[in-house]
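Working through the structure, step by step
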Amino acid sequence: MSVVSRGFGARRRDSDERLPPGQYLADDFPVLSAGPTPRVDTDTWEFVIVGLDGIRHTWSWEQLHALPVETITTDIHCVTRWSKLGTHWRGVSVESLLEQVGQDGAFAEVFSYGGYTTNVSRADLTRGKAWVAFEFGGEPLAPEHGGPARLLIPHLYFWKSAKWVHGLNLRDHDAPGFWEQNGYNMHGDPWKEERYW
Ligand SMILES: Nc1nc2c(c(=O)[nH]1)N[C@H]1C(S)=C(S)[C@@H](COP(=O)(O)O)O[C@H]1N2
Ligand SMILES: [Mo]
């Protein structure tokens with residue numbers, strides 16, 4: 001738990017510096033889903049990376065958990081202006097999955113169980129900036145927050161962190177996903193307020 005009280009000046013200043021422009025601190029963890037919560041069984045769950053050559057590379061739930069699992073403590077920022085500081089996650093880095101595939105492609109279309117998509121560049125998916133996360137706050141990720149697994153890309157607005165993530169289509173060009181087709185920014189850096197077009 002990280003509750004920031006206005007009574008503690010030092011901690012308040014610290015959190016102010018960590019809040020991107022136009023954001024406020026949320027105490028709860030809001031649920032924002034464009035549709036119903038898909039129920040995905042870990043027995044049939046898979047993560048897929050489709051290379052530029054069209055070849056599918058897949059990991060089962062067990063295969064994903066056999067990879068190095070990282071613990072991530074990070075701030076998250078939703079374009080609807082709430083932020084949470086110091087959230088705790090566990091997951092596998094996207095970079096480690098891309099390394100196993102060894103395919104080019106400067107961009108990726110992220111796709112989810114249930115049909116959601118979003119676009120992210122390879123640069124935003126690598127160098128310790130993106131994970132396939134399956135634990136939040138020491139518990140298995142709840143279905144409404146994207147369980148069994150979601151993408152976690154905390155340096156971009158949270159709509160890029162696709163819930164119920166299924167995989168990546170590697171691309172050599174950038175193409176808008178679900179929210180990007182509906183007016184959201186192609187990149188989404190909260191520190192630059194890249195909210196909409
Ligand atoms: N599959 C899927 N992923 C999604 C969304 C969605 O509607 N469907 N909403 C996005 C948006 S706009 C936000 S702010 C976050 C919300 O995550 P939360 O519900 O865990 O807070 O998920 C993102 N990932
Ligand atoms: Mo959002």
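With respect to the confidence of the model for the protein
Here the protein averages 94 in pLDDT, and 93% of its residues register 70 or above. Across residues 1-10 the pLDDT falls below 50, and counting only partners more than four positions away or on other chains, this stretch makes 8 contacts in the model.

Thoughts on the layout of surface pockets
Empty space within the largest pocket amounts to approximately 480 Å³. Around the largest pocket sit 29 residues that line it, and L32, S33, A34, Y116 and K163 are the ones nearest its centre. Of the residues contributing to the lining of the largest pocket, the split by class is 19 nonpolar, 8 polar and 2 charged.

Some words on the pattern of salt bridges
Evaluated as defined, the whole model comprises 7 salt bridges. The salt bridge partner of E193 is R81, with a shortest N-O separation of 4.0 Å. You can see E193 sitting in the segment after strand 11 (165-171) and its partner R81 sitting in the loop between strand 4 (70-77) and strand 5 (82-93), a full 112 residues away along the chain. Note on R81: relative accessible area 35%, which makes it partly exposed. Where R171 meets E109, a salt bridge forms, and the shortest distance between an N and an O atom there is 3.4 Å. Of this pair, R171 sits in strand 11 while E109 is found in strand 6 (residues 107-112), placing the two residues 62 residues apart along the sequence. Classification of R171 by relative accessible area gives partly exposed; the value is 23%.

A few points about the packing of aromatic side chains
Going through the model one piece at a time under the given rule, you end up with 16 aromatic pairs. Ring geometry for W89 versus F136: centroids 4.8 Å apart, planes at 65°, classification edge-to-face. Taken together, the residues W89 in strand 5 and F136 in strand 8 (residues 131-136) connect sequence positions 47 residues apart. Judged by its relative accessible area of 23%, F136 falls in the partly exposed class. Ring plane angle 75° and centroid distance 5.4 Å describe the contact between Y184 and Y196, whose orientation is recorded as edge-to-face.

As for the site of ligand 1
In the vicinity of ligand 1 lie 19 residues, with P30, A34, H145, R150 and K163 positioned nearest. Contact between ligand 1 and L32: an oxygen atom at 2.9 Å from a main-chain N or O atom of the residue. Separating an oxygen atom of ligand 1 from a backbone N or O atom of A34 is a distance of 2.6 Å. Starting from 530 Å² of accessible surface for ligand 1 in isolation, the protein chains cover 98%. In this structure the site holding ligand 1 corresponds to the largest pocket.

A short note on the sheet that holds strand 2 (residues 46-50)
Hydrogen bonds between backbone groups are what pair the strands of a sheet, and the pairing can be parallel or antiparallel. Spatially, the 5 strands line up as an open sheet ordered 3-2-11-6-7, and their pairing is mixed. Edge positions in the sheet fall to strand 3 (56-60) and strand 7 (117-121), since each has one partner strand and no second. When strand polarity is set aside, the average angle formed by the axes of neighbouring strands in this sheet is 20°. The pairing of strand 2 with strand 3 spans 5 bridges and is classified as antiparallel. The partner of F47 across the bridge, within strand 3, is W59.

Brief notes about the environment of I72
Position of I72 relative to the elements: it lies in strand 4. The buried category is assigned to I72, whose relative accessible area is 6%. Along the sequence, I72 and W159 sit 87 residues apart, while their C-alpha atoms lie 18 Å from each other. Beyond its immediate stretch of four places on either side in the chain, I72 contacts T87, H88, W89, R90, G91, W131 and L152.

Thresholds, definitions, all that
Residues numbered from 1 in each chain as written. Chains lettered and ligands numbered in written order. Predicted model: local features only at pLDDT ≥ 70, side-chain atom pairs only at ≥ 80, totals over all residues. Heavy atoms only, no water. pLDDT = per-residue confidence, 0-100. Contact = heavy atoms within 4.5 Å. 1 Å grid on protein atoms, 1.4 Å probe; cavity = no way out; pocket = protein on both sides within 12 Å on 5 of 7 lines; lining within 4 Å. Points joined across faces, edges and corners; volume = space filled by probe spheres on them. Nonpolar A, V, L, I, M, F, W, Y, C, P; charged D, E, K, R; others polar. Salt bridge = Lys/Arg side-chain N within 4 Å of Asp/Glu carboxyl O. Helix = DSSP H or I, 4+ residues; strand = E, 2+ residues; numbered from the N terminus. Buried < 20%, exposed > 50% of the residue type's maximum accessible area, 1.4 Å probe, protein only. Phe/Tyr/Trp six-rings, centres within 6.5 Å; stacked < 30°, edge-to-face > 60°. Near = heavy atom within 4 Å. Polar contact = N/O pair within 3.5 Å; in protein donor to acceptor, adjacent residues only side chain to side chain. Areas by Shrake-Rupley, 256 points an atom, 1.4 Å probe, with all protein chains shown as cover. Sits in = over half its atoms within 2 Å of the grid points. Pairing = 2+ DSSP bridges. Axes fitted to C-alpha atoms, helices over the stretch in contact; angles between N-to-C directions.

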